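Secondary and tertiary structure notes
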Amino acid sequence: MILVESPKHLAAYAGCAFVPTMGALHQGHASLVKRARESGKPTVVSIFVNPTQFGPTEDLDRYPRTLDADLALLESLGTAAAYCPPIDALYPEGIAASMQVASALALPAVATEPRLEDLCRPSHFAGVALVVGRLFDQVRPASAYFGEKDYQQLRLVEDFVATERERFGALEIVRCPTLRESDGLAMSSRNRFLSAPSRAAALALSRALRATHMAFRPADAERMMRDELTKSGLAIEYAVVRDANTLLEVQTFEAPTRVLIAARCEAVRLIDNVAMPARDPTKSKCPFAALFGFAAPSE
Ligand code: PAF
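What counts and what doesn't
- Residues numbered from 1 in each chain as written.
- Predicted model: local features only at pLDDT ≥ 70, side-chain atom pairs only at ≥ 80, totals over all residues.
- Heavy atoms only, no water.
- Pairing = 2+ DSSP bridges.
- Helix = DSSP H or I, 4+ residues; strand = E, 2+ residues; numbered from the N terminus.
- Axes fitted to C-alpha atoms, helices over the stretch in contact; angles between N-to-C directions.
- Contact = heavy atoms within 4.5 Å.
- Buried < 20%, exposed > 50% of the residue type's maximum accessible area, 1.4 Å probe, protein only.
- Near = heavy atom within 4 Å.
- Polar contact = N/O pair within 3.5 Å; in protein donor to acceptor, adjacent residues only side chain to side chain.
- Areas by Shrake-Rupley, 256 points an atom, 1.4 Å probe, with all protein chains shown as cover.

Overview of the sheet that holds strand β8 (residues 257-265)
By definition, the strands of a sheet pair up through backbone hydrogen bonds, in either a parallel or an antiparallel sense. Here we have 3 strands laid out as an open sheet, ordered β7-β8-β9, and antiparallel in their pairing. Strand pairing shows two members of the sheet lacking a second neighbour, β7 (235-243) and β9 (268-276), which therefore form its edges. Strand-to-strand twist across the sheet, computed as the mean angle between neighbouring axes with direction ignored, equals 10°. Pairing between β7 and β8: 8 bridges, direction antiparallel. Directly across from Arg242, in β8, lies its bridge partner Arg258. Of the strands in this sheet, β7 and β8 touch helix α10 (residues 218-231), which is tilted by about 160° from β7.

As structure tokens, then:
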């Protein structure tokens, strides 16, 4: 595996399969890399803790940095190149000026209208769009791999790329399923901050998501989730059922929906979501319980 620090040395990888990350890699990231490797193209993984997507009160300094372990994992997965740029390779104008550039971006509606992450983390998606766009410009991949765990981010990237075809060409955004621990907790770089009691309480997220398969209306599902999360002492930011594409509110399950949660477990902010297939409203029984599965954790 080649370690690349300057965008000048990326030319050889144009047309690659690309996995952008902020490091602190876990098996969820490994599954993205494995999926990228299946494309048969050289796989490039970026590791860059992006300051423009952290709000002033968020955990940029505390964000885990585990570069040696990350590089060893990427090497073992057969990654062709790890791109670890210094800050000025992505933000030559400096952080303050790049924040201004980010705030002037025209973001797709899915990143500004749902009042989910966009409400809880107001400048977050501008920073994500800025860095992802610049990484794509530098790496020039044929395909890029994003986890469904950050579902609103995934939808933002899909729409952002679709509206900037001249800039990004035929770049394909590939959705990859959320990986879970055997007890259901979605894998996340932030899980390492959970104390043992918080780790146990955090299971309420996946339990709450699972419970919604019994609901007949989105409003019932939302109530069930709030009950489950509150019972476990989590502070809810949102626990909602939304249209799977627009992430706007829905009144029925007749079209595909996404069930999404953000909650704080002590100081740790956790997010999770699952897909809810469209349901025929004339059927009295809930037909998708069996489909409401979680991806198996990797071996
Ligand atoms: O999902 C992440 O790890 C980050 O938001 C991303 C896409 C690498 C941009 O910094």
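Focus on the environment of Leu270
Topologically, Leu270 is positioned in strand β9. For Leu270, a relative accessible area of 6% puts it in the buried group. Distance from Leu270 to Tyr151, taken between C-alpha atoms, is 13 Å for residues 119 residues apart in sequence. Leave out the neighbours within four places in its chain, and Leu270 touches Asn191, Leu194, Ala202, Leu205, Ile261, Ala262, Ala263 and Cys265.

Thoughts on the site of the ligand
Contacts to the ligand come from Pro20, Thr21, Met22, Asn50, Gln53, Val131, Phe146 and Gln153. Within the side chain of Gln53, one N or O atom sits 2.6 Å away from an oxygen atom of the ligand. Within the side chain of Gln153, a nitrogen or oxygen atom sits 2.7 Å from an oxygen atom of the ligand. Compared with its free state, where it exposes 290 Å², the ligand has 88% of that area covered by protein.

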